[in-house]
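So you can see what is in the structure, the chains are spelled out below.
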Amino acid sequence: MEINLEKLAFDIDFHPSDNLVAAALINGDLHLYRYTADGAPVRLLEVHAHTESCRAVRFINGGRALLTGSPDHSILATDVETGSTIARLDNAHEAAVNRLINLTESTVASGDDEGCIKVWDTRERSCSNSFDVHEDYISDMTFVSDAMKILATSGDGTLSVCNLRRNKVQAQSEFSEDELLSVVIMKNGRKVVCGSQTGILLLYSWGCFKDCSDRFVDLSPNSVDTMLKLDEDRIITGSENGIINLVGILPNRVIQPIAEHSEYPVERLAFSHDRKFLGSIAHDQMLKLWDLDNILPGSGSTQRNEAGEIDSDDDEMDIDADSFKSNKGNKRNHASNGQASNNFFADL
């Protein structure tokens, strides 16, 4: 199943309980589509959300609203039913907003091009945590709900662990040789896998984040821009050569290519709410929905949790949340629009 977005897409997200998929586009637009297993997808919304590109999108509030982030420094909440603006924070970050993830039912996290991560509490209607942890853009984030920790990768080549309970950067890896682009948690929380610009997968053991414990090179030299956890032993990767691979972790091996999006880099992968479809976007302006039962036999019975259960609150090293930031130039140009307000969710 294919949807011609007509513009380059940076991010996609599926509704948590309905057959809806949203796309964030380079021209600042937000698209929402309804899909079915048999019929053609239907576009329900086309909203010009931002003055610059729309880099990130997430369903929030049980799917009632869509959150988007942009290099214009703003975060926008849009009503899914009407497409109307619920709330806009014009200065959510001092740099371009690059990533958004859901944390709990009432919290989301955003990451920017200068390495700052912010947590927004929709109940308190405020920014509850802020971590100046990285020296370059936030490329990916994942959340460990039991431990209340955010793991993030960055263009500065490091992996970080932000502790929401302690409001501090609890651990950060040494600099790797290239940019880290994606992150998933495997093996019931015991392993963290990071995809890199050179296509090498770096494996870290939980609690030992200073240096990776293993490196898997078989996907190199194609960058691993996006990853999804299929189960505790397998991940799905999207690479710059347009290939979507099924990869085993410990033992490390490329099990098989499962799809070819196009000849262009795969930008993002996402599962539908029922895990029936795998969504992919690449630099060909197409959103493709792959039936997992067709490309991955037996997938319907596979359990795929986003993160393993981790109860320990102890990591290898502690770093204050106000850790230093380097003057190193960012690979993405941006200008500061001042300090962020803390009442973005006042109307949600």
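Residues numbered from 1 in each chain as written. Predicted model: local features only at pLDDT ≥ 70, side-chain atom pairs only at ≥ 80, totals over all residues. Heavy atoms only, no water.

As annotated in an unreviewed UniProt entry, the protein carries the name WD repeat-containing protein 55 and is attributed to Crotalaria pallida. Reading the Subcellular location (unreviewed entry) entry of the UniProt record for the protein gives the comment "Nucleus". In UniProt, the protein has this text filed under Sequence similarities (unreviewed entry): "Belongs to the WD repeat WDR55 family." (UniProt positions renumbered as here; feature names shortened; annotations may be inferred.)

> I keep staring at the overall build of the protein and nothing clicks. Help me out?
Each helix and strand in the protein was counted, giving one helix and 28 strands. The buried share among the 348 residues of the protein stands at 61%. Entry remark: accessible area of the protein is about 13,700 Å², with carbon and sulfur atoms responsible for 42%. (Helix = DSSP H or I, 4+ residues; strand = E, 2+ residues; numbered from the N terminus. Buried < 20%, exposed > 50% of the residue type's maximum accessible area, 1.4 Å probe, protein only. Areas by Shrake-Rupley, 256 points an atom, 1.4 Å probe, with all protein chains shown as cover.)

> Honestly, the pairing of strand β20 (residues 201-205) in this entry has me stumped. Any pointers?
Strand residues, when the strand is regular, have side chains that alternate between the two faces of the sheet. Where burial is concerned, most of β20 is hidden: five out of the five residues are buried. The pairing of strand β19 (residues 191-196) with β20 spans five bridges and is classified as antiparallel. By the bridge assignment for β20, V193 is matched with L203. The hairpin formed by β19 and β20 contains four residues between the paired strands, and G199 there has a positive phi angle of roughly 90°. In terms of strand pairing, β20 meets strand β21 (residues 214-216) through three bridges, oriented antiparallel. Within the sheet, the bridge partner assigned to L201 lies in β21 and is F216. (Pairing = 2+ DSSP bridges.)

> It is not clear to me how the sheet that holds strand β13 (residues 126-132) should be interpreted in this structure. Could you clarify?
Reading across the sheet, the four strands line up as β10-β11-β12-β13 and stay open at both edges, with antiparallel pairing between neighbours. A strand with exactly one partner marks an edge of an open sheet, and here the two such strands are β10 (97-104) and β13. Pairwise comparison of adjacent strand axes, ignoring direction, gives a mean angle of 20° for this sheet. Two strands pair when backbone bridges link them, and strand β12 (residues 116-121) and β13 are joined in this way by six bridges, in the antiparallel orientation. The residue of β13 that forms the bridge with V119 is N129. (Axes fitted to C-alpha atoms, helices over the stretch in contact; angles between N-to-C directions.)

> Sorry if this is basic, but what is going on with the pattern of salt bridges here?
Once the charged atoms of two side chains with opposite charge are near each other, the side chains can pair. Scanning all chains against the criterion turns up 13 salt bridges. Ionic pairing is found between E232 and K229, a salt bridge with its closest N-O pair at 2.8 Å. Of the two residues, E232 and K229, neither departs from the other in class, the shared state being buried. The partner of D231 in a salt bridge is R234, and the shortest N-O contact between them spans 2.7 Å. Via salt bridges that share partners, D11, R58, R99, D140 and R268 belong to a single interconnected network. (Salt bridge = Lys/Arg side-chain N within 4 Å of Asp/Glu carboxyl O.)

> Could you clarify how one ought to interpret the packing of aromatic side chains in this entry?
Aromatic ring pairs are defined here through the distance separating the ring centres and the angle between the ring planes. A full pass over the atoms with the stated rule returns three aromatic pairs. Ring geometry for Y35 against F277: centres 5.5 Å apart, planes inclined by 85°, an arrangement best described as edge-to-face. Linking Y35 in the loop between β4 (29-34) and β5 (42-48) with F277 in strand β27 (residues 277-282), this pair joins segments that are 242 residues apart in sequence. Each member of the pair, Y35 together with F277, is buried. When the ring of W206 is compared with that of F209, the centres are 5.0 Å apart and the planes differ by 85°; the resulting orientation is edge-to-face. Each member of the pair, W206 as well as F209, is classed as buried. Aromatic ring contacts, followed pair by pair, group F14, Y35 and F277 into a single cluster. (Phe/Tyr/Trp six-rings, centres within 6.5 Å; stacked < 30°, edge-to-face > 60°.)

> Is there a simple way to think about the environment of L151 in this case?
Tracing the sequence through the fold places L151 in strand β15 (residues 149-154). The contacts of L151, once residues within four sequence positions are left out, are D140, M141, T142, V144, L159, S160, V161, V183, I185, V192, W206 and F209. (Contact = heavy atoms within 4.5 Å.)

> What is the right way to read unusual backbone geometry from this model?
Between S220 and P221 the backbone carries a cis peptide bond, its omega angle lying at 10°. Mapped onto the elements, P221 comes out in the loop between β21 and β22 (224-229). Looking along the chain, the bond that leaves L250 and enters P251 is cis, with omega of 10°. On the secondary structure map, P251 appears in the loop between β24 (243-248) and β25 (253-260). With phi around 80°, H73 is a residue other than glycine that occupies positive phi space. Secondary-structure assignment places H73 in the loop between β7 (65-69) and β8 (75-79). Of note, the phi angle at M148 is positive, near 55°, even though the residue is not glycine. Mapped onto the elements of the fold, M148 is located in the loop between β14 (138-144) and β15.

> Teacher, can you tell me more about the pairing of strand β17 (residues 168-172) here?
In terms of residue burial, β17 counts as a mostly covered element, since five of its five residues are buried. Summarising the sheet, strand β16 (residues 159-163) and β17 pair through four bridges and their orientation is antiparallel. Of the residues in β17, the one forming a bridge with C162 is V169. Between β16 and β17, which pair antiparallel and follow one another directly, the connecting turn spans four residues, one of which, N167, has a positive phi of 55°.

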